[in-house]
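Each chain, written out:
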Amino acid sequence: MEATAPQTLSAPQAEQAPAIKSRSNPPVFWKLVRFTLRDYFRTAWVFLNLAILVGVHALFFKYKSGQGHFFGIEYAATILQAALTCAIMFSRSNRAESYAILARQVSRASYVGAVILAAWLVALLAYVLSAVFDLIYFSEWVMGQPLADWQTPTNYALGSLPVLVGAAFSVCLVALLSTFVTTSAVRLGTMTLLAVLVMSFDARNFPFEGARPLLQNIPPVLAPLAGALKFATEQDNVATVSLAMLGGYTLLMLIIALILSGTRELVLD
Amino acid sequence: MQTANSPAPVEPAESTGVDILPAPTEQRDAGSATENTSGPPIAQIERVSKQFRGVAALRGVSFNLERGEIFGLLGPNGAGKSTLLKLLLGFLHSDAGTIKLFGTTDLTKAHAHIGYLPEQPRYHGNFSGREYLEFQARLAGLSGRDAKSMAARALQQVGLEEAANRRIRTYSKGMRQRLGLAVAVYASGDTPPELLVLDEPASGLAPEGQIAVREVLLDSKRRGSTILLCSHQLTEVERICSRVGILRGGRLVALTRLDDQSRVVIVATPRPRGFEMAPHLIEYLKNLHPAVIIKGGLIESEPLMLSLPTGSDVPHAASMKAAAIRAIVDARWDVVSLHVENRDLESIYMQAVRPLRKEAAAETPADSKPPEVVEVAAEPTTPRIEAPPSEPASTDVVAEPLASPVDVAPISEPAVLAQPEPAEVVPASQPLLVRPVSTNGAAGAANPATTPGDTAETAPTASRSGPSTAPLPPLSEPVEPQADTSPQGNWLRDLRREGS
C-alpha cells in the first residue's frame, strides 16, 4: 500500500528535531497584564474597590485635612485595596480557566508577575482616583475655598512614593500567601513569620513565656512599613531608609514569589 | 537528517522499556488521514511515576508518541490519564522518569507547538468567544490583525460564529467544548499545532458535534498534527486512533496498534510423516508476515495453531492465507479448523482493565511494583512462536495462559523486549512477546522497502528477504487434501486453486 504524502508539513516536522523557538517574554507578559485587568474590570469586584474608595472619603477626609492625615489614610486604604485586589485576582487565577493560558508558552512566573502587576495597577488607579477626587471635591471650584498649602504637585509626588511602595509590598505579600503561588507549607511559614515579627514589637503578650526573651532580641523588621509613611511628610534619613527597606522587602518577596511559583505544581479548581 | 518519507527509525527498547513499533503507512478512517511518522518521536515518556500524598497516580509509564499518529489514551476513571496529560504539559512534575517533548525537557518551551483542550473546558466567562480566541491567538504569537481573522475563521470552523460576541459564561457545555477545540486547534494560526493534547474532546457533545470533532481531528492530522487523545468513547477512539495505550491503576497495561485486529486462525494436525516437516513448515509460516503468530506444532501430539493478520488494511491477506494453507497441506498436515477472529477495541480494553491476579485491588505505593506493560499480541511486527511446555522458556514468563492466539500478553519487565532474538520459542502455555531484530535494527522490518504485502506475495518462493529465509523444501510427494464434503473442505480446495 502506498502512503500518500501529507498535505501540509511544516519544515521542522521533517527535521531531526523541531526547533523550539524561544519567544521573548515581555510581549506575552503585557498581554497577560492587559487580559487580567480586562477580566477584573468585568467582574463585580471592581465595585468593592469603588466602595472602599468612597467609604474612606466619606469617613476620613475633611476639608483642609493635613498632609500627614491625607497620606496616612491613603497609605492604609491603598494597601488595603492592593491586598484585596491581589487576593481576588489570584483566587480567580487559581481556577481551571488558567489551564488554557498556561498551556501556551506562558511560564508560571510570568503569569504570577502579570497578576501582581495588574493588582498593583488597580491599587494605583484607586489611589489616583482618590487623590483626584480629593483635589476636586475640596477645590475652590466646589468648596469656594482655596486648596491647602501642602497640596502642591511636588508634595503629591513625594507623598505618593510610600503609598505606591506600600501597595507593592502588599500585593507581593498576598502573592506569597496565595494558593496559586505557594504551597500550604510556605504559606503557613510566612504567616508564622509575620506573626512573630509583629509580636516581637512587644513580646510581653507572647503566649510562650520562655520565648519572650528571644522575641525581644528580634530587631523591628517590620518597622520600615510604618517608617516609610514618614517619607510622605518628611524626607529625612529615617524615612528614606525605611522606604528603601520597604522597597527591598517588596523586591525580595517578589523574587521569592516568582521562584516558588515556577516550581509549584498546577492543580486548579 | 530524516526526510518526510524516510522510514521511521525504531529506537532501542531499552530507552523506553516499551515496545515502540514503527508506525503504519496505511490510511485509516476517512480514507485520507495519512500518517507521517518519520523523524524522532514527538513525545518520549520514560518510566514516569507520580504520587499524590502517597497514592500512586502513575507507575513507571513509558511510551513514545510518534509523529503524525493519533494516539488514544484509555482507561477507567482514576487510571491516571489526566495526570499523565498534565505531566506532559508540565502542570505537574513527575516523581520519577523523564518526559521529553520535541526533544526537550523544557516543557514550557514546547508549549509553542502544543494545542491543549482540558477535560473541563472552562474559560474566562466575562469575555466573548471572539475576544477570548483573539487573546489566545495573541498569546500564540499572532499579530492583532492576524488574531482577529484567525478568531473569525476558527469560530466559523467550530460553528460558533453566531455566538461569537456572546459572553462565554452564557455558552452551553457543548459550545464551550467547541470553543476549547477552536482554542486548541486553530488559535496558533493557519497550521494546527504539531501536537494536540485533547482530554475528552467530544464530551458533552451531541452526535453531530462528535462527528464535527472527529472531522476536525482528522483534518488536523492530515495537516501534520500528532494527536494525543484521552477519551472514554471507545467507538470514536477506534475510528480515528492508530494506536492506543490503556492505563489501569496508574500503569500502562496495554499498548497496541488498532490497524490489525482481525486475524485468521488455522489449526492443523500432522498426518503420518507430517511431523517430520514441522520445523520447515514453522520456519516457512513465520516468514509469511511479520505479525504471524504460531503456537504449538513442536511435539507430535500438539496441534499447530497459526494466526495470520487479515482484513482490508492487510495487503494481500487472501494470498497469504492461501499460501499458508497450501504449505500446511503440502507438508502433510491436515487443516482441522479455520476461523476469523475479530478483536474490537472494546474487547481489548476490557481485557486490559480486567484485574490481573490480586494486584489490581491493592492500591500500594508506586515504588513497590515494577512497571508492567501488556502488549496486545496482534502487533503487526511481532512474530511470536510458541513451543510445547517441554521446551525451556528463554525469556520472560507471564502468569496467565493465552486464551487465544491474539490474547493479551503481559510483559513482566519491559526490558525483555530488547532481546535481540529473531524469533523465540516459548511453551504454548506461556505466551511471550518477542521483537524480531532485523539487520537494520527495525523491528519486524528487515527491508524497509518491502511491505508486508510484498512479503506475502512472494512468500511461497525462496527469494524472500527477511530475518530468516528458510524456504519450504520441495515436497517429493505433493499431498492433495483429503476429499471433504464440508463447506470448509470445498473452501480449502477453492483456495488451493486460487493459490496455485
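As the structure is a prediction and not an experimental result, all values here were calculated from the model. (Residues numbered from 1 in each chain as written. Chains lettered and ligands numbered in written order. Predicted model: local features only at pLDDT ≥ 70, side-chain atom pairs only at ≥ 80, totals over all residues. Heavy atoms only, no water.)

**Q** Lay out the overall build of chain B in plain terms, naming residues and giving numbers.
**A** In terms of regular secondary structure, chain B is built from 13 helices and 17 strands. Evaluated residue by residue, chain B yields a buried proportion of 59% over its 500 residues. A fraction of 73% describes how many contacts in chain B between residues 6 or more apart in sequence connect residues 24 or more apart. Carbon and sulfur atoms form 51% of the exposed surface of chain B, whose accessible area is close to 18,900 Å². (Helix = DSSP H or I, 4+ residues; strand = E, 2+ residues; numbered from the N terminus. Buried < 20%, exposed > 50% of the residue type's maximum accessible area, 1.4 Å probe, protein only. Contact = heavy atoms within 4.5 Å. Areas by Shrake-Rupley, 256 points an atom, 1.4 Å probe, with all protein chains shown as cover.)

**Q** Please give an account of the overall build of chain A that cites residues and values.
**A** Of regular secondary structure, chain A possesses 12 helices and 0 strands. Tracing chain A from N to C terminus, the helices and strands come up as α-α-α-α-α-α-α-α-α-α-α-α. Put simply, chain A has 269 residues, and 45% of those count as buried. Considering only contacts in chain A between residues 6 or more positions apart, those separated by 24 or more positions represent 74%. Accessible surface computed for chain A: about 13,100 Å², of which carbon and sulfur atoms make up 69%.

**Q** An account of the side chain of E74 of chain A is requested, with residue identities and associated values reported.
**A** Residue and element names in this part refer to chain A. You can see E74 is positioned in helix α4 (residues 67-93). On the accessibility criterion, E74 (2% relative accessible area) is buried. Separated by 2.2 Å, the side chains of E74 and S130 make a polar contact. Beyond its immediate stretch of four places on either side in the chain, E74 contacts H57, F61, Y127, S130, A131 and V163. (Polar contact = N/O pair within 3.5 Å; in protein donor to acceptor, adjacent residues only side chain to side chain.)

**Q** How would you explain the packing of helix α8 (residues 153-176) of chain A against helix α12 (residues 237-263) of chain A if you had to name every residue and give the values?
**A** All names here are of chain A. Relative to each other, α8 and α12 sit at 30 degrees, their axes nearing to 9 Å. Put simply, α8 runs roughly parallel to α12. The handedness of the crossing between α8 and α12 comes out as left-handed. Mapping the contact onto sequence places L161, P162, V165, G166, A168, F169, C172, L173, A175 and L176 in α8 and L243, L246, G247, Y249, T250, M253, L254, I256, A257 and L260 in α12. Broken down by class, the residue content of the contact of α8 with α12 amounts to 17 nonpolar, 3 polar and no charged. (Axes fitted to C-alpha atoms, helices over the stretch in contact; angles between N-to-C directions. Parallel < 35°, antiparallel > 145°, perpendicular 65-115°, else oblique. Left-handed = near helix turned anticlockwise from the far one by under 90°. Nonpolar A, V, L, I, M, F, W, Y, C, P; charged D, E, K, R; others polar.)

**Q** Lay out the pairing of strand β10 (residues 262-270) of chain B with the relevant residues and their values.
**A** Residues and elements named next belong to chain B. Counting buried positions over the 9 residues of β10 gives 7, a clear majority of the element. Examined bridge by bridge, β10 and strand β13 (residues 333-342) share 9 bridges and lie antiparallel to one another. Bridged to I266 within β13 is L338. Of the strand pairs in this sheet, β10 and strand β12 (residues 304-309) are connected by 6 bridges, and their pairing is antiparallel. Paired with A268 across the two strands is L304, which belongs to β12. (Pairing = 2+ DSSP bridges.)

**Q** Now, about the packing of aromatic side chains: what can you tell me, with residues and values included?
**A** For any pair of aromatic rings, the description rests on two quantities: the centre-to-centre distance and the angle between the ring planes. The full count for this structure, using the stated rule, is 21 aromatic pairs over all chains. Residues F90 of chain A and F180 of chain A carry aromatic rings whose centres are separated by 6.2 Å and whose planes lie at 35 degrees to one another, so their mutual orientation is tilted. One end of the pair, F90 of chain A, is in helix α4; the other, F180 of chain A, is in the loop between α8 and α9 (184-199), with 90 residues separating them in the sequence. With relative accessibility at 1%, the residue F180 of chain A sits in the buried group. Within the aromatic cluster, the residues linked to one another by ring pairs are F35 of chain A together with Y123, F127, Y132 and F135 of chain B. (Phe/Tyr/Trp six-rings, centres within 6.5 Å; stacked < 30°, edge-to-face > 60°.)

**Q** How would you explain the sheet that holds strand β4 (residues 96-101) of chain B if you had to name every residue and give the values?
**A** Residues and elements named next belong to chain B. The strand order β2-β1-β4 describes an open sheet built from 3 strands, whose pairing is antiparallel. The open sheet has two edge strands, β2 (55-65) and β4, and neither has a second partner. Averaged over all adjacent pairs, the angle separating strand axes in this sheet is 25 degrees, with direction ignored. With 7 bridges joining them, strand β1 (residues 43-52) and β2 adopt antiparallel strand pairing. Within the sheet, the bridge partner assigned to V48 lies in β2 and is V61.

**Q** Any chance you could break down α12 of chain A for me, citing the residues and the numbers?
**A** Residues and elements named next belong to chain A. With 27 residues, α12 should reach 39 Å at 1.5 Å per residue; the first-to-last C-alpha distance of 39 Å fits that figure. Along α12, the positions that sit buried rather than exposed are A239, S242, L243, L246, Y249, T250, M253, A257 and S261. Tucked inside the fold, the buried residues of α12 contact α4, α6 (108-137), α8 and α11 (223-227). (Expected span 1.5 Å × (residues − 1).)

**Q** Please give an account of the environment of L107 of chain B that cites residues and values.
**A** All names here are of chain B. Structurally, L107 is set in helix α3 (residues 107-110). In this structure the C-alpha to C-alpha distance between L107 and L88, which are 19 residues apart in sequence, comes to 7.5 Å. In this structure, L107 is in contact with L87, L88, L89, G90, I99 and L101, ignoring residues within four places of it in sequence.

**Q** Explain the pattern of salt bridges to me, using residue names and the numbers behind them.
**A** Should the charged atoms of two oppositely charged side chains come close, the side chains can pair. For the coordinates displayed, the defined rule picks out 17 salt bridges over all chains. Salt-bridge contacts for R223 of chain B lead to D219 of chain B; the nearest nitrogen and oxygen are separated by 3.5 Å. A relative accessible area of 24% means that D219 of chain B is categorised as partly exposed. Connected through shared salt-bridge partners, R38 and R42 of chain A together with E131 of chain B make up one network. (Salt bridge = Lys/Arg side-chain N within 4 Å of Asp/Glu carboxyl O.)

**Q** Could you give an account of the packing of α4 of chain A against α8 of chain A, naming the residues involved and the relevant values?
**A** Residues and elements named next belong to chain A. It is at 8 Å that the axes of α4 and α8 come closest, and there the two elements cross at 30 degrees. When the axes of α4 and α8 are compared, the pair comes out roughly parallel. Two packed elements cross with a definite hand, and for α4 against α8 that hand is right-handed. Counted together, Q67, F70, F71, E74, Y75, T78, I79, A82, A83, C86, A87 and F90 of α4 and N155, Y156, G159, S160, P162, V163, G166, A167, S170, V171, V174 and A175 of α8 form the full contact between these two elements. Of the residues in the contact of α4 with α8, the class split is 16 nonpolar, 7 polar and 1 charged.

**Q** Explain the nonpolar core to me, and be specific about the residues and the numbers.
**A** By size, the foremost hydrophobic cluster in this structure holds 154 residues, and its most contacted members are L32, F90 and F180 of chain A together with F63, L101, Y132 and I246 of chain B. For this core, the element with the highest residue contribution is α8 of chain A, accounting for 12 residues. What I246 of chain B contacts, discounting residues up to four positions off in sequence, is L74, R251, L252, V253, A254, I348, Y349, A352 and V353 of chain B. The next biggest cluster of nonpolar side chains, apart from the first, holds 27 residues, and it includes I266, I282, I294 and V335 of chain B. (Core = buried A, V, L, I, M, F, W, Y, C linked by side-chain atoms within 4.5 Å.)

**Q** Can you tell me about the state of the cysteines, naming the residues and giving the values?
**A** Should the sulfur atoms of two cysteines be covalently bonded, the bond is a disulfide. Residues and elements named next belong to chain A. Scanning the model with the defined rule gives 0 disulfides over all chains in all. The structure places no disulfide on C172, whose sulfur is separated from the nearest cysteine sulfur, that of C86, by 7.7 Å. The class of C172 is buried, set by a relative accessible area of 3%. (Disulfide = S-S within 2.5 Å.)

**Q** Give me the lowdown on the environment of S225 of chain B, citing residues and values where you can.
**A** Residue and element names in this part refer to chain B. The topology assignment puts S225 in the loop between α7 (207-222) and β7 (226-230). Measuring from C-alpha to C-alpha, the distance between S225 and I70 comes to 8.6 Å, with 155 residues separating the pair along the chain. Look past the residues within four positions of S225 in its chain and what remains in contact with it is G68, P192, P193, E194, L196 and S220. Here P193 takes part through its backbone oxygen, which lies 2.5 Å from a polar atom of the side chain of S225.

**Q** Would you mind going over unusual backbone geometry in detail, with residue names and values included?
**A** Residues and elements named next belong to chain B. For R53, which is not a glycine, the phi torsion comes out positive at approximately 50 degrees. One can find R53 in the loop between β1 and β2. Positive phi is not limited to glycine here, since R273 has a value of about 70 degrees. Considering the arrangement of structural elements, one finds R273 in the loop between β10 and α9 (278-286).

**Q** Help me get a handle on a nonpolar patch on the surface, residues and values and all.
**A** Residue and element names in this part refer to chain A. A cluster of nonpolar side chains, contributed by V128, V132, F133, I136, Y137, W141, V142 and M143, occupies part of the molecular surface with about 790 Å² of accessible area. For the nonpolar patch, the elements supplying multiple residues, two or more each, are α6 and α7 (140-143). Broken down by element, the residue count for the nonpolar patch peaks at 5 residues, all from α6. By secondary structure assignment, the location of V132 is in helix α6. (Patch = residues over 30% accessible without salt bridge, like charges linked within 9 Å, V, L, I, M, F, W, Y side chains within 5 Å.)

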